[in-house]
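# Report on the structure
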2 protein chains.
Amino acid sequence: MSPRFTLDPFSEKYAHRTSNMLSSEIRDLLAITARPDIISLAGGLPYTQAFDPEIIMRTVRRVLAEDHAAALQYGPTDGYAPLKHCLIEVMAVEGTPCFPEDIIITHGAQQGLDIISKIFINPGDNIITEAPSYVGALNSFLSYQPNIHTIPMDEDGMVLENLAGVLKGLAAKGERVKFIYTIPNFQNPAGITLRSERRFGLLELAHEYDCLVVEDNPYGMLRFEGTPCPTLRSLDESRVIYLGTLSKIFSAGMRIGWIAAPHPILDKLLLAKQSADLCTSTFTQMVAHSYFTTEDWRGQVKQLLEHYRGRRDAILEALEEHLSGIAEWTRPQGGLFVWATLPEFIKTSEMLAAAVDAKVAYVPGSGFFPHEGGECCMRLNFSYSDVETVHEGIKRLAKVIKRELSLARALGFKVPGLEAGSSHDEQ
Amino acid sequence: MSPRFTLDPFSEKYAHRTSNMLSSEIRDLLAITARPDIISLAGGLPYTQAFDPEIIMRTVRRVLAEDHAAALQYGPTDGYAPLKHCLIEVMAVEGTPCFPEDIIITHGAQQGLDIISKIFINPGDNIITEAPSYVGALNSFLSYQPNIHTIPMDEDGMVLENLAGVLKGLAAKGERVKFIYTIPNFQNPAGITLRSERRFGLLELAHEYDCLVVEDNPYGMLRFEGTPCPTLRSLDESRVIYLGTLSKIFSAGMRIGWIAAPHPILDKLLLAKQSADLCTSTFTQMVAHSYFTTEDWRGQVKQLLEHYRGRRDAILEALEEHLSGIAEWTRPQGGLFVWATLPEFIKTSEMLAAAVDAKVAYVPGSGFFPHEGGECCMRLNFSYSDVETVHEGIKRLAKVIKRELSLARALGFKVPGLEAGSSHDEQ
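Note that the structure is predicted; figures quoted are calculated from it, not measured.

## Section: the overall build of chain A
- The helix and strand tally for chain A stands at 15 helices and 14 strands.
- Across its three principal directions, the C-alpha atoms of chain A cover 70 × 60 × 55 Å.
- Counting all 427 residues of chain A, 64% fall into the buried class.
- Look at the contacts in chain A between residues 6 or more apart in sequence, and 75% of them connect residues 24 or more apart.
- Element-wise, carbon and sulfur atoms account for 52% of the exposed surface of chain A, whose accessible area totals about 15,500 Å².
- Separation between the mean location of the 40 positive side-chain charges and that of the 53 negative ones in chain A comes to 3 Å.

Structure, rendered in structure tokens:
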């Protein structure tokens, strides 16, 4: 939707917070890269084609037979109570104890992020996030005008020395931190998992500096290999606000997420949810409930993981084949994303046009940083495209990158991993 | 969900705006009055039992057959494009011209209210509402800390002299009004419709004082009799933000609403929607689209209106029979609600316990006022209960009211319409 006016006649009417509300580069990009001739490694879409429509059909049939009038009606703000029991079962798979009264159901985890921001963030408040971090979370936070402090990650997640440094520095100035936001498993966008020991360390720091922890866990169930780490909530219920979602293990289109949190916080979140939308769709909640109580949802997740594992393997193989020695990338044990880092003179946002021209798309890294950073990085999604497409996508991407490198070499940059003449081979 | 702690250990962490976030008395009440032995005239629930589940079943079947993977997937933030055409058709029934690019689809009209509040209201900003007004709107507004100025209504809606007075008074102090909020048709809670001439007058005042108008129109299609009035949007597209919903003509449980607004405002709303929930449920949007393009939705609305008209007649008859000369009430030509005013020494919020004891519930009037007002008033819903139940509910209510009046007479109040001894007959 492009503005029709060059001058916005309403510009003086908007709330101050709107100056902080920026369009997500990623959402804009998704619109462009929806063209069927482009291989998009840009999205974060689950592979919904894997779902047998007959399963949904019979699930809906059960719901309508049981109580169609309730399914079409308003429901309680905190969510459809029977569904809470299913969500608890989902959390139990990762060893997170939870009770129905600890949960409110939200319109996707994104709504959870929004209402958490709303009840905690005053303009100018300090919050902490990983860098890079999920752009949808950053946008929710920013719309309430906080100061975001970012913590770098290594291959084991947030670097605790840096976290301690930021907390200490703020404390020295008499400033508090409202919360630390983390995606501990197969992080979006980096594909990095917060190592178990660091989870304890993070919670110790949160305790020491009395700040809350927002644990966003959309991908925890999408582990292909390796040992699961304990959720932060399972380690400290009194300080952690946990966000879950059915988007990655059932359906994003149903828009069902949830928040588990200490009860006084839940009470406030409930008020925010009430004025945000009254209630989540009763229809989709009842469908989800029927699905999780009657269908083989564990088998379905297992099947999905087989797809994702194969695609993850494909993207790592393709990266190895085409970009070894040129780029670096993460090797996620689950989730949807790989994070690639190119030589620093390549600006991935500037290179995107050339990539789209070569019929491949990615998300430039800078969008995942609230301030600066990630200019030579990119997020690559492997969940949505099949193995062959993933391969072909990386091949196309490598061609674009190597062309950039040749250009850079011609301009006198020191270019890694590119033998003389190879750029000609690639033309 | 009751708080487990007497002292909230997080109390110093919340944002300032949470002190303005109060629980809706109505939502709390709905929880209590859900007991099956109580006749609830308290809710605002559509009569979803009227819907043939087979219609929904075949609608879902069509959606899944057409593109199940899309229905289960994320969708665009501004909504499922084909559904916008249906919404335009719905608006056309009331003579409101609109184009797909003028619309974003929201998670119910409540989300529309929330994101409008978010993009316009700075703490301390002036906004104007009718008094009484929809409690869900008041809660959305209040959570962004505005000054709400209220305008009384007579049987023809907002009294324009008062509106002019408030606008003039604020202008004299150099203050602006961000927007005027109105529910012009069969207002919630008053059941009052803004007379056509006043719609022109309101827009003239909005123009004179350069403020926006938020037109919330959930009930416009629920007219049983009389001549429809033009929507405010149809009279001035440049200044009106229009809210529509499918909750009253299709299903509240699908959570589908929309906003039609000038494009620069839509752009801002889209950013707020993006950080609020990414997108509305693709599944329910595709179901709604299939329903509105394939099923006889106009026939369905007509059938629903027959139910509602009968129930409206029943509540007016019962009020006449049991409370004539004691109370006054509005006579809506559509919608879901009647607003009753009792002698002013009766406090309807205090009387509620006695009513629930007598197995009938209503919503006390004071909840619909941001400041004070409505203490002797109540909102009565007639859409959800059948004709006999509505009659019985008012009979029970009248008994409670007459008992209160007897008590008041004993205390020396001048009591209208109650002959000597009648209270004994009622015991």
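## Re the environment of Cys279(B)
- Its place among the elements puts Cys279(B) in the loop between α10 (263–277) and α11 (282–294).
- It is 32 Å that separates the C-alpha atoms of Cys279(B) and Pro132(B), two residues lying 147 residues apart in sequence.

## Description of the pairing of strand β3 (residues 126–131) of chain A
All names here are of chain A.
- Most of β3 is tucked away, with six of its six residues classed as buried.
- Pairing of β3 with strand β4 (residues 147–154), which is carried by six bridges, proceeds in the parallel orientation. Its bridge partner lying in β4, Asn126 is registered against Asn147.
- With helix α5 (residues 135–142) bridging β3 and its parallel neighbour β4, the resulting β-α-β unit is right-handed.
- Taken together, the four bridges between β3 and strand β6 (residues 177–182) define a ladder with parallel strand orientation. Paired with Ile128 across the bridge in β6 is Ile180.

## Regarding the confidence of the model for chain A
All names here are of chain A.
- For chain A, mean pLDDT is 93; residues scoring 70 or higher make up 93% of the total.
- Residue range residues 1–5 is modelled with pLDDT below 50. Its contacts to residues more than four positions away, or to other chains, number 13 contacts.
- When the criterion is pLDDT under 50, residues 420–427 qualifies, and its contacts beyond four places in sequence or with other chains add up to seven contacts.
- Reported for the predicted complex are a pTM of 0.94 and an ipTM of 0.93.

Cut-offs applied
Residues numbered from 1 in each chain as written. Chains lettered and ligands numbered in written order. Predicted model: local features only at pLDDT ≥ 70, side-chain atom pairs only at ≥ 80, totals over all residues. Heavy atoms only, no water. Helix = DSSP H or I, 4+ residues; strand = E, 2+ residues; numbered from the N terminus. Buried < 20%, exposed > 50% of the residue type's maximum accessible area, 1.4 Å probe, protein only. Contact = heavy atoms within 4.5 Å. Areas by Shrake-Rupley, 256 points an atom, 1.4 Å probe, with all protein chains shown as cover. Lys, Arg positive; Asp, Glu negative; His and termini not counted. Charge placed at Lys NZ, Arg CZ, Asp CG, Glu CD. Pairing = 2+ DSSP bridges. Right-handed = clockwise from strand over helix to strand, strands pointing away. pLDDT = per-residue confidence, 0-100.

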